[in-house]
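A look at the structure
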Amino acid sequence: EVQIIVLESSADDMGGMFVAHFMGESSSNIYTDSNAAQIEQALEGISTIDSVNVTIFSHTQDSMASYGQRWVITFTSQKGNLPSILVDTGSAPPSTIATGGTLFGSSSVIRVETISDGGLPSSFITPSQLSRNQKYSSRILAFNGYSWSDPATSRYAITPSKMAPSPPRGVRVNVLSDTEIGVSWTQPLYSGGDNVAAYRVEWDSDVMFDHSSTTVSHVSGSEDYYFVIKNLDPLESYYVRVMAYSAQGHSIPEMALPLLCTMQTLVVELVETTGSVDFSETFRVQVTTVDGYQRETNPISVYATSREVENELNKLGIVGAISVDREDRSNVYDSSGIETNFFDIRYSITLVGDEDITLSVTGDSLGSITAIIQED
């Protein structure tokens, strides 16, 4: 089985650590700048993991505004379809996605994906030495550790032939500005027998894809590609897809997915202008999901740290990972010769996951403080 731990952030400032969990057991702290040997040692220190091999790939692309690494984890001795590694940063229960807590950086996220399930293979690709002038048939036998079964033979014999390449892999999009979208992808797994010549990137406001396209040349020896789509309408939403091309034709198109999963950022701002703030004011955050289900936090102090607000929100059991940043914009200024305190605290709440939410603030204990909620 092969799983991948993806570390992503929107700036080159990720840091901190997390804990990995597997089948009920936990690792020691794993730092985001660990090398492959240190990651292997931490994972193999989990009593439920026998041995793994770790390979690290960087996916830093300045034009995509995405930074981080991919840690490819190969289980080398345990067989079968294994459960997923879970991660946590202390801000929520172990999950396949985590943020905040002991993880630092701009919109930093750690997520786990299964690349290849363990267990018996259900497909096989022959070596490339087959002749195009011969017809081939195949047969399969099963083995249970004691003896082989009778063979099952293919009904037809076929002749190898060239075909269009398989689709590009890992097609992702990321918003760069109100008129620009970055697109990244990895070369196809199979070329189809001819060298891949180019990639066709298409985008449109609907799935007809009859609006705009461009061609990006394939570079021999290069696996990762990106392209920046410019001059877009800031009032439109766009679909993006990528196809690989060879002399045998185009591959099946691969639709692009958001680079950082589904990310939603809401800002709760607490403002008071008269200077009558003390340390007793509190507020509650009410979270409403698209299906109308509502949950509310315990009272939170208006002086709470980002970690305290984060912990209260994560207690609500929202699907995904929540990260909170706090910004103190309070100021002391002199108006008409009278020194007046100006109170302005902002909590930027980022939800990474598949669940859209709306926020409201219960301000019965806010006194003269006003709560403002807006999308970032």
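The numbers attached to residues start from 1 for each chain and follow its sequence in the written order. With pLDDT at 70 or above as the cut-off, local features in this predicted model cover only qualifying residues; side-chain atom pairs require 80 or more to be listed or tallied, and sums for whole chains, interfaces and linings still use all residues. Side-chain calculation: all heavy atoms of the structure are included, whereas hydrogens and water are not.

1. Some details on the overall build of the protein chain
What counts, and what does not: Strands here mean DSSP runs of E at least two residues long; helices mean DSSP runs of H or I at least four residues long; both are numbered from the N terminus. As defined in this context, the radius of gyration uses C-alpha atoms, and a globule is described by 2.2 Å times the residue total to the power 0.38. Here the term buried applies to any residue with accessible area under 20% of the maximum for its type, exposed to any over 50%, and partly exposed to those in between, with areas from a 1.4 Å probe on protein chains only. In what follows, residue pairs with any heavy atoms lying within 4.5 Å of each other are defined as contacts. Each accessible area is a Shrake-Rupley result for a 1.4 Å probe, and residues are judged covered by the shown protein chains and nothing else. His residues and chain termini do not enter the charge count, which takes Lys and Arg as positive and Asp and Glu as negative. By convention, the charge on Lys lies at NZ, on Arg at CZ, on Asp at CG and on Glu at CD.
What the protein chain contains, in helices and strands, is two helices and 30 strands. Relative to the compact-globule value of 21 Å for 376 residues, the protein chain shows a C-alpha radius of gyration of 26 Å, a clear excess of over 25%. With the C-alpha coordinates aligned to their principal axes, the bounding extent of the protein chain is approximately 95 × 55 × 40 Å. Across the 376 residues in the protein chain, those meeting the buried criterion constitute 38%. Of all intrachain contacts in the protein chain linking residues separated by at least 6 positions in sequence, the fraction that spans at least 24 positions is 62%. For the protein chain, the exposed area adds up to about 20900 Å²; of that, 48% sits on carbon and sulfur atoms. Positive and negative charge centroids in the protein chain, built from 20 and 47 side chains respectively, lie 14 Å apart.

2. Considerations on the environment of Phe209
Relative to the helices and strands, Phe209 resides in the loop between strand S15 (198-204) and strand S16 (212-217). Residue Phe209 is classed as buried on the basis of its relative accessible area of 9%. Distance from Phe209 to Val240, taken between C-alpha atoms, is 8.3 Å for residues 31 residues apart in sequence.

3. Quick look at the sheet that holds strand S13 (residues 169-177)
Under the convention used in this document: At least two DSSP bridges between two strands are required for those strands to pair.
Read from one edge to the other, the open sheet built from four strands follows the order S17-S14-S13-S21, with strand pairing classed as mixed. Only two strands of the sheet have a single neighbouring strand rather than two, namely strand S17 (224-229) and strand S21 (257-258). Note that S13 and strand S14 (residues 180-186) share six bridges and pair antiparallel. The residue bridging Arg169 from the neighbouring strand is Thr186, located in S14.

4. So, the sheet that holds strand S5 (residues 52-58)
Rules: Interaxial angles span 0 to 180 degrees and are taken between N-to-C directions of axes, which are lines fitted to C-alpha atoms, for helices over the stretch in contact.
Ordered in space as S5-S6-S1-S10-S8, the five strands form an open sheet in which the pairing is antiparallel. The open sheet terminates on both sides in strands that have one partner only, identified here as S5 and strand S8 (97-98). Note: strand S1 (residues 2-9) against strand S6 (residues 67-75), eight bridges, orientation antiparallel. What sits directly across from Ser9, in S6, is Tyr67. Strands S5 and S6 of the sheet are contacted by helix H1 (residues 36-44), whose axis makes an angle of about 140 degrees with S5.

5. Observations regarding the pattern of salt bridges
Stated formally: For salt bridges, the criterion is a side-chain nitrogen of Lys or Arg within 4 Å of an Asp or Glu carboxyl oxygen.
Using the criterion set out here, one finds eight salt bridges in the structure. Between Lys162 and Asp194 there is a salt bridge, with its nearest N and O atoms 2.9 Å apart. Of this pair, Lys162 sits in the loop between strand S12 (152-153) and S13 while Asp194 sits in the loop between S14 and S15, and the two are 32 residues apart along the sequence. Overall, Lys162 belongs to the partly exposed group, its relative accessible area being 36%. Accessibility expressed as a relative area gives 16% for Asp194, which makes it buried. For Glu202, the salt bridge identified is with Arg200, shortest N-O distance 2.5 Å. A relative accessible area of 5% means that Glu202 is categorised as buried. Bridged by salt links that share partners, the residues Glu8, Arg111, Glu113 and Arg172 form one connected network.

6. What about the packing of aromatic side chains?
Inclusion rule: In summary, the pairing rule links any two rings of Phe, Tyr or Trp, Trp by its six-membered ring, whose centres are within 6.5 Å, and it sorts them by plane angle into stacked for under 30 degrees, edge-to-face for over 60 and tilted for everything else.
Tallied over the full model, the rule gives nine aromatic pairs. Measuring from ring centre to ring centre gives 6.0 Å for Trp185 and Tyr225, while their planes differ by 10 degrees; the resulting arrangement is stacked. Highlighted residues: Trp185 in strand S14 and Tyr225 in strand S17, separated in sequence by 40 residues. Here Trp185 matches Tyr225 in class, with each residue buried. A centroid spacing of 5.6 Å and a plane angle of 70 degrees characterise the contact between Tyr303 and Phe343, whose relative ring orientation is edge-to-face.

7. Some thoughts on unusual backbone geometry
One non-glycine residue, Phe209, lies in positive phi territory at about 55 degrees. Not every positive phi belongs to a glycine, and Asn231 is a case in point at roughly 60 degrees. Take Asn231: it is sitting in the loop between S17 and strand S18 (239-246). With relative accessibility at 76%, the residue Asn231 sits in the exposed group.

8. Examining the confidence of the model for the protein chain
Interpretation of this model should avoid reading the predicted coordinates in detail wherever pLDDT is low. Keep this limit in mind: pLDDT gives the predictor's per-residue confidence on a scale running from 0 to 100.
When pLDDT is averaged along the protein chain, the result is 84; 91% of the residues meet or exceed 70. Per-element averaging of pLDDT across the protein chain places strand S27 (residues 331-335) at the bottom with 56 and strand S4 (residues 30-31) at the top with 96. A low-confidence stretch, residues 61-65 stays under pLDDT 50, and its non-local contacts, those more than four residues away or across chains, total 22 contacts.

9. Quick look at the nonpolar core
The criterion, for reference: Residues belong to a common nonpolar core when they are buried Ala, Val, Leu, Ile, Met, Phe, Trp, Tyr or Cys residues joined through side-chain atoms within 4.5 Å.
Core analysis: the largest hydrophobic core is formed by 24 residues, its most contacted members being Leu270, Phe283, Val287, Leu313, Tyr347 and Leu359. Among the secondary structure elements, those contributing two or more residues to this core are strand S22 (263-272), strand S23 (282-289), helix H2 (306-314), strand S26 (321-328), strand S28 (338-352) and strand S29 (357-362). Sort the elements by how many residues they give to this core and S28 lands first, with five residues. Judged by nonpolar contacts, the second largest core, of 23 residues, contains Ala20, Phe22, Ile39 and Ile85.

10. Examining the environment of Lys79
Its location among the elements puts Lys79 in the loop between S6 and strand S7 (86-88). When the C-alpha atoms of Lys79 and Gly118 are compared, they prove to be 6.2 Å apart, with 39 residues separating the residues in sequence.

11. Looking at a nonpolar patch on the surface
Stated precisely, the cut-off is as follows: Each patch is built from salt-bridge-free residues with over 30% relative accessible area, joining like charges within 9 Å and nonpolar side chains (Val, Leu, Ile, Met, Phe, Trp, Tyr) within 5 Å.
Taken together, Ile125, Leu189 and Tyr190 make up a surface patch of nonpolar side chains, about 320 Å² in accessible area. Considering the arrangement of structural elements, one finds Ile125 in the loop between strand S10 (109-116) and strand S11 (139-140).

12. Observations concerning the environment of Leu82
In this fold, Leu82 is placed in the loop between S6 and S7. Measuring from C-alpha to C-alpha, the distance between Leu82 and Glu1 comes to 6.9 Å, with 81 residues separating the pair along the chain. Each residue touching Leu82, except ones within four places of it in the same chain, is listed here: Glu1, Gln3, Phe22 and Phe75.

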